[in-house]
Amino acid sequence: MLAFSIKENIDLWAYLQSVGKPIVLYGTGNGADKILDILDSLGITVSDIFMSNDFYREDATFRGYKLLSYDDIRNKYDDCVIVLAFAVFRRDMLKRILDMSKEYELRAPCVSVFGSDYFSMETLNEYESEINKAYSLLSDDLSREVFLKSLEYRISGKIDYLFDCQSERDEVFSNIIRLSDDEVYVDLGAYRGDTIEEFLLMTHGKYKKIYALEPDSKNYAKLIENMGTLDNAIFLNKASWCDERVMNFEGGGGRNSNLFNPKTPKPEVVHTIDVDSVLAGECATYIKMDVEGAEHETLRGLKKTLIEFKPKLIVSGYHRTCDLFTLPILINEINPEYKIYLRHHPYIPDWESNYYCI
């Protein structure tokens, strides 16, 4: 039994099976592929797929559907359920989706960033003890509110829950992660240097040392181009993991480069390393990890650092369906002294839900 009450008692997938009105998919691409596969497996029929008016082309098709524009949907349907099939974070697009949800019923499924699993009532029941444990570890009321509304969203796909619990990153760095001008910063998943730039902005360019890992070769080249002249900075073209090994890797220069896509026809080869080995006993004071699904392995690979130095942590909590409730448990197991906070920043689905630990 859950230690708290949940308003939603039917998951999105069961609702779509019984809704009794047309279901239309908004968007194409990888997200739409995943959602269509799930809907197909559950015997749920999609009547149409549409694109934003801005991107519509008359000859466009997807998965055997002739794509429509949103204007076409409005002309064709007085009532339908729109299933959002792509991620939204730009403010103008978030407003567009919110406006659309006032005109039609709109749901945004929670599917795993990597793999084919998705959140359902079965997930809630299977991981009941982990969910209760994770909730008990949260350190403030806002974290508990974010956790509860994230679960309500994941069950129902209703985006109002996400809008109701979102906050800006500025709040985190004002109230939780307070950075000094003497940090030893470890950036795991450094991409092209955007989070290093954010760090430098907040510390007014002052720091003790920077370590940055980026496994994607194209991103790493851009990282060196953008940040390679920094003093006291070490850059590694490696993936963070629990140990050193060679693994197949889906690269290509995007933000979603990862170690977990078996469908990649020609994967890159990447060397992994654990952060404890990178630091070799040196102190770290601040670690950010956005490692595209490798958060559990990465945490195990910096166990000594977490125990001995207890650096401030930012850990992405959304790449895998169960990360929301398994990651805080792992952090607590490694070092029970951590205070653990959860925040959701403006995004649909509940990506940019991160754990902040001090």
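Remember, predicted model here, so these are calculated numbers, not experimental data. (Residues numbered from 1 in each chain as written. Predicted model: local features only at pLDDT ≥ 70, side-chain atom pairs only at ≥ 80, totals over all residues. Heavy atoms only, no water.)

Asker: Looking at this structure, how should I read the nonpolar core?
Answerer: For soluble globular proteins, nonpolar side chains are generally found buried alongside one another. One finds Phe50, Ile82, Phe147, Leu188, Leu299, Ile348 and Tyr355 to be the most contacted residues of the largest nonpolar core, which totals 76 residues. The greatest single-element share of this core, amounting to 7 residues, is contributed by helix 15 (residues 323-334). Residues contacting phenylalanine 50, with those up to four places away along its chain left out, are Val24, Leu25, Tyr26, Gly27, Leu68, Ser69, Tyr70, Ile73, Ile82 and Met100. By size, the runner-up hydrophobic cluster in this structure holds 23 residues, among which are Ala32, Ile35, Leu39 and Phe62. (Core = buried A, V, L, I, M, F, W, Y, C linked by side-chain atoms within 4.5 Å. Buried < 20%, exposed > 50% of the residue type's maximum accessible area, 1.4 Å probe, protein only. Helix = DSSP H or I, 4+ residues; strand = E, 2+ residues; numbered from the N terminus. Contact = heavy atoms within 4.5 Å.)

Asker: What is the right way to look at the sheet that holds strand 11 (residues 239-240) in this model?
Answerer: Two orientations exist for strands paired in a sheet by backbone hydrogen bonds: parallel and antiparallel. Sheet architecture is open: 3 strands sit in the order 11-13-12, paired in mixed fashion. Of all strands in the sheet, those bounded by a partner on one side alone are strand 11 and strand 12 (245-249). The pairing of strand 12 with strand 13 (residues 268-273) spans 5 bridges and is classified as antiparallel. The residue bridging asparagine 248 from the neighbouring strand is valine 269, located in strand 13. (Pairing = 2+ DSSP bridges.)

Asker: Before we go on, may I ask you to explain the environment of tyrosine 338 in this structure?
Answerer: Among the structural elements, tyrosine 338 can be located in the loop between helix 15 and strand 16 (340-344). Separated by 18 residues in the primary sequence, tyrosine 338 and tyrosine 356 place their C-alpha atoms 9.6 Å from one another.

Asker: Any chance you could explain the state of the cysteines here in plain terms?
Answerer: Two cysteines form a disulfide when their sulfur atoms are joined by a covalent bond. What the rule picks out here adds up to 0 disulfides. Looking at cysteine 322, it has no disulfide partner, and the nearest cysteine sulfur is the one in cysteine 110, 9.8 Å off. (Disulfide = S-S within 2.5 Å.)

Asker: Whenever I open this one, the packing of aromatic side chains confuses me. Can you help?
Answerer: Two measures describe an aromatic ring pair: the distance that separates the ring centres and the angle between the ring planes. Applying the stated criterion across every chain, the model contains 16 aromatic pairs. Ring geometry for phenylalanine 50 versus tyrosine 70: centroids 5.6 Å apart, planes at 25°, classification stacked. Of this pair, phenylalanine 50 sits in strand 2 (residues 48-51) while tyrosine 70 sits in helix 3 (residues 70-76); the two residues are 20 residues apart in sequence, bridging distant segments of the chain. With relative accessibility at 0%, the residue phenylalanine 50 sits in the buried group. A centroid spacing of 6.5 Å and a plane angle of 20° characterise the contact between tyrosine 318 and tryptophan 351, whose relative ring orientation is stacked. (Phe/Tyr/Trp six-rings, centres within 6.5 Å; stacked < 30°, edge-to-face > 60°.)

That is the geometry; function is a separate question.
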